[in-house]
Structures are given as structure tokens and as C-alpha cells.
Amino acid sequence: MSDLTGRCFVVTGANTGIGKETARALAQRGAHLVLACRSEEKTRPVLDELRAESPAAELEFVALDLGDLGSVRACATELLRRDHPIHVLVNNAGLASVRGRTRDGFELAFGTNHLGHYLLTRLLLERIERSAAPGRPARIVNVSSHSHYSADTIDFEAVQQASKSVTGLHEYEVSKLANVLFTKELARRLDPAKVTAYALHPGVIASDIWQRRVPRFLSAVPRLFMKSTKDGARTSVYCATSVDIANHTGRYYADCKEKRPNRAADDVELARALWEKSAAWVGLDP
Ligand SMILES: NC(=O)c1ccc[n+]([C@@H]2O[C@H](COP(=O)([O-])OP(=O)(O)OC[C@H]3O[C@@H](n4cnc5c(N)ncnc54)[C@H](OP(=O)(O)O)[C@@H]3O)[C@@H](O)[C@H]2O)c1
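This section reports on the structure supplied with the text. (Residues numbered from 1 in each chain as written. Predicted model: local features only at pLDDT ≥ 70, side-chain atom pairs only at ≥ 80, totals over all residues. Heavy atoms only, no water.)

## What about the site of the ligand?
Line of reasoning, step 1. Close contacts around the ligand come from 31 residues, with Asn15, Asn92, Tyr172, Ser207 and Arg212 the closest.
Line of reasoning, step 2. Between the ligand and Gly67, the relevant distance is 3.4 Å, taken from a nitrogen atom to a main-chain nitrogen or oxygen of the residue.
Line of reasoning, step 3. Note that an oxygen atom of the ligand is positioned 3.5 Å from one of the backbone N or O atoms of Gly203.
Line of reasoning, step 4. Considered on its own, the ligand offers 900 Å² of accessible surface; in the complex 97% of this is hidden by protein.
Line of reasoning, step 5. One can see that the ligand is located within the largest pocket.
Line of reasoning, step 6. Within the residue set of the shell around the ligand, elements represented by two or more residues are α1 (17-27) and α5 (169-189). (Near = heavy atom within 4 Å. Polar contact = N/O pair within 3.5 Å; in protein donor to acceptor, adjacent residues only side chain to side chain. Areas by Shrake-Rupley, 256 points an atom, 1.4 Å probe, with all protein chains shown as cover. 1 Å grid on protein atoms, 1.4 Å probe; cavity = no way out; pocket = protein on both sides within 12 Å on 5 of 7 lines; lining within 4 Å. Sits in = over half its atoms within 2 Å of the grid points. Helix = DSSP H or I, 4+ residues; strand = E, 2+ residues; numbered from the N terminus.)

Rendered as C-alpha cells:
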């Protein structure tokens, strides 16, 4: 495992679950970590734990509520003010099978899992690009899900309304397809010598996500058959650090191996439309 001293990683939703274990694994290798989370109270004990375990690592908190575009803008402003490089942005935070709308009126899963991360990434992009070194591009890692295979398109009307399905599962699948489409569009738009992008499925992982508001039939999936959160972080860490995939921008990974994503993720027009509509919704130029 290479030493990550001097490398700065921003990880969203790092106060628990896969994000916390991703932060832990990177901190153990000496990285500078910024944990972008919505609760400082929940994140403080995690910072203490990781600092005690990895005294060489630099660890910071920044407030981020992805369901509130104002909070996303404030988070980006604060990160840019801190004036350190961002070598890798790991868009990990997510919620599943919840119903409702974000503060700005978008369908809850789409607004949080895709749109919040879209805005954060766009606002940090220049800093991420400037953090690249010759032969060492910066990276954007989007934590998607195997669930994205179940969505065949994005209904751009539906994502501007409250969740319609009873379980919220369909909306989750759509948000995770958006993560893969966003990754591919980033790869098309960015110079791979400066920034590369990856999407991934972390596995079926025994995290808090199953104890939140998931449908009863899913929360009954025995944790016995799930992998640990430590296992769940492996593919994120692989995509964030492996030199083997430095030339493979825009690809999708599971179990630290490249995998063919859903065919819908190859729809270049859909990816472009998602990018442009997302830009308009968050008030940025496409
Ligand atoms: N676990 C699995 O089996 C599995 C499978 C496929 C994909 N994934 C993906 O893996 C990623 C991590 O999930 P996990 O399993 O580690 O779930 P988790 O334990 O429930 O953690 C989710 C994280 O996202 C944060 N989050 C949720 N809504 C947020 C918001 N509005 N703003 C900022 N942060 C927010 C949570 O913060 P709070 O603690 O404050 O709520 C938490 O830190 C997600 O993108 C998920 O879709 C998980």
C-alpha cells in the first residue's frame, strides 16, 4: 500500500458506514482527510477515533447537507477558503428508500445522491483540476450501487417531484444510475491528464443504510449475508488510489474490478441531458 502523505481526500458521509471505513483506510496511509458530513456532533467522535489510530494523518470536518443546495454551496466555499489541494473527491454519502423532497424541492434520493454531489463537484472542479500533478491526475469517485442496473432511464419530470413509489426503491435506483451517468459525463468533459472519474458498487454491506427507512422486506435481509463496512470501503479506496486504473477514466467498478455498467449508462444523450439539466437546476452554466 502506497503512502498517501501529502495527498488530500474529501469524503462525503464519512461519519459512519462505508464512508467512515474509507476515511479510516486512507488515514492509516497518512492522508489528509476532510470528512464532509451533515452532523458535527456525529463526526467529532469519528475524528477522535481516527486521529488516535493514525496520528500522522491530518483530519478535518466540514459541514455538508447534500439535501440543501445552500449547504452544499457553503461547504464548497469553506473548502475553497481552506486553500489546500483536493487530490481526490469521494462522493460517498447517500440515502436509500426514503421518500419526500429535498429542501429545494427535488425528489429526495435524486436530490441528495445525485444533485447535491453534482453541485459540490462542479464548485470544487477548478480546485480539483489545479491539484493534479504531471503524470498524477486528481480523481472524482462516485459511490453508486448495483441497484443502478434496475433503472433504465431518468424521468426528468419525476425527479423534480416528491417520491412516487411506495418503497422509494425505484427512486434510489434512478439516483444511482445518475451517479454512473455523471461519472461518464465527467470523463467526457475533463482532460484525463488532469482529472479522472470512477463509479463503483461497494458490495452488499452491513451499514446503517439498512436500519434507516428501508422497506421491511429489505431490512430483513440477514446481516449474516452482508459484508463488513471495512470490505465495503475496499473498492472506494481502490478507485481513489490505485495506479492500475489511472488511464481508465469513466469506468465502473465492483470488487475492485472493472465491470460493465447498465446499458442505460452508455446513453450519451441521457448523460448530457442529466448534466445540462442539473446545471440549470443548481444555477450553473452547463
Ligand atoms: N450498504 C450497502 O449495501 C450499499 C450498497 C450499494 C451502494 N451503497 C452506497 O454506499 C454509500 C454509503 O452508504 P452506507 O451503506 O455507508 O450508508 P450509511 O451507513 O447509511 O451512511 C450514509 C452516509 O451518508 C450520509 N448522508 C445521508 N444523507 C445525507 C445528506 N443529506 N447530506 C450529507 N450526508 C448525508 C449519512 O449521514 P448521517 O449519518 O448524518 O445520516 C451517512 O454519513 C451510499 O452512496 C450508498 O448508496 C451502499
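## Quick word on the pattern of salt bridges
Line of reasoning, step 1. Applying the stated criterion across every chain yields a total of 20 salt bridges.
Line of reasoning, step 2. The closest approach of N and O atoms between Arg189 and Glu185, which form a salt bridge, is 2.8 Å. With a gap of four residues between them, Arg189 and Glu185 both fall in helix α5, about one helical turn apart.
Line of reasoning, step 3. With relative accessibility at 35%, the residue Arg189 sits in the partly exposed group.
Line of reasoning, step 4. Members of the salt-bridge network, linked through shared partners, are Lys20, Glu21, Arg24, Glu49 and Glu53. (Salt bridge = Lys/Arg side-chain N within 4 Å of Asp/Glu carboxyl O. Buried < 20%, exposed > 50% of the residue type's maximum accessible area, 1.4 Å probe, protein only.)

## A few points about empty space enclosed by the protein
Line of reasoning, step 1. Tallied over the entire structure, the rule returns one cavity of 30 Å³ or more.
Line of reasoning, step 2. Space inside the largest cavity adds up to approximately 50 Å³.
Line of reasoning, step 3. For the lining of the largest cavity, the leading source of residues is α5, giving three residues.
Line of reasoning, step 4. The residue inventory of the lining of the largest cavity, partitioned by class, reads three nonpolar, five polar and one charged. (Points joined across faces, edges and corners; volume = space filled by probe spheres on them. Nonpolar A, V, L, I, M, F, W, Y, C, P; charged D, E, K, R; others polar.)

## Digging into the nonpolar core
Line of reasoning, step 1. Core analysis: the biggest nonpolar cluster contains 51 residues, and Leu120, Leu124, Ile128, Ile140 and Ile154 have the highest contact counts within it.
Line of reasoning, step 2. Elements with a minimum of two residues in this core: β1 (8-12), β2 (32-37), α3 (69-82), α4 (108-130), β5 (138-143), α5, β6 (195-201) and α8 (268-282).
Line of reasoning, step 3. Per-element tally for this core: the top contributor is α4, with eight residues.
Line of reasoning, step 4. Residues Leu47, Leu50, Leu59 and Val237 belong to the second largest nonpolar core, which totals 29 residues. (Core = buried A, V, L, I, M, F, W, Y, C linked by side-chain atoms within 4.5 Å.)

## Re the packing of α3 against α4
Line of reasoning, step 1. Close contact between α3 and α4 brings their axes to 9 Å; oriented N to C, the two are set at 25°. With respect to each other, α3 and α4 are oriented roughly parallel. Of the two possible hands of crossing, α3 and α4 adopt the one that is right-handed. Within the contact between the two elements, α3 uses Leu69, Val72, Arg73, Cys75, Ala76, Leu79 and Leu80 and α4 uses Leu115, Gly116, Leu119, Leu120, Leu123, Leu124 and Arg127. (Axes fitted to C-alpha atoms, helices over the stretch in contact; angles between N-to-C directions. Parallel < 35°, antiparallel > 145°, perpendicular 65-115°, else oblique. Left-handed = near helix turned anticlockwise from the far one by under 90°. Contact = heavy atoms within 4.5 Å.)

## A word on the layout of surface pockets
Line of reasoning, step 1. Of the voids in this model, the largest pocket is the one considered here, and its volume is about 1,100 Å³.
Line of reasoning, step 2. As for the largest pocket, its lining consists of 49 residues, and the residues nearest its centre are Gly94, Leu95, Ala96, Tyr172 and Ile209.
Line of reasoning, step 3. For the lining of the largest pocket, the secondary structure elements donating two or more residues are α1, β2, α4 and α5.
Line of reasoning, step 4. If one sorts the elements of the lining of the largest pocket by residue count, α5 sits on top with four residues.
Line of reasoning, step 5. A breakdown of the residues in the lining of the largest pocket according to their chemical character gives 20 nonpolar, 20 polar and nine charged.
Line of reasoning, step 6. Counted as a void, the second largest pocket has a volume near 400 Å³.
Line of reasoning, step 7. Forming the walls of the second largest pocket are 16 residues, and the residues nearest its centre are Met1, Ala25, Arg29, Arg234 and Val237.
Line of reasoning, step 8. Of all elements in the fold, only α1 and α7 (229-241) reach the threshold of two or more residues within the lining of the second largest pocket.
Line of reasoning, step 9. No other element matches α7, which puts six residues into the lining of the second largest pocket.

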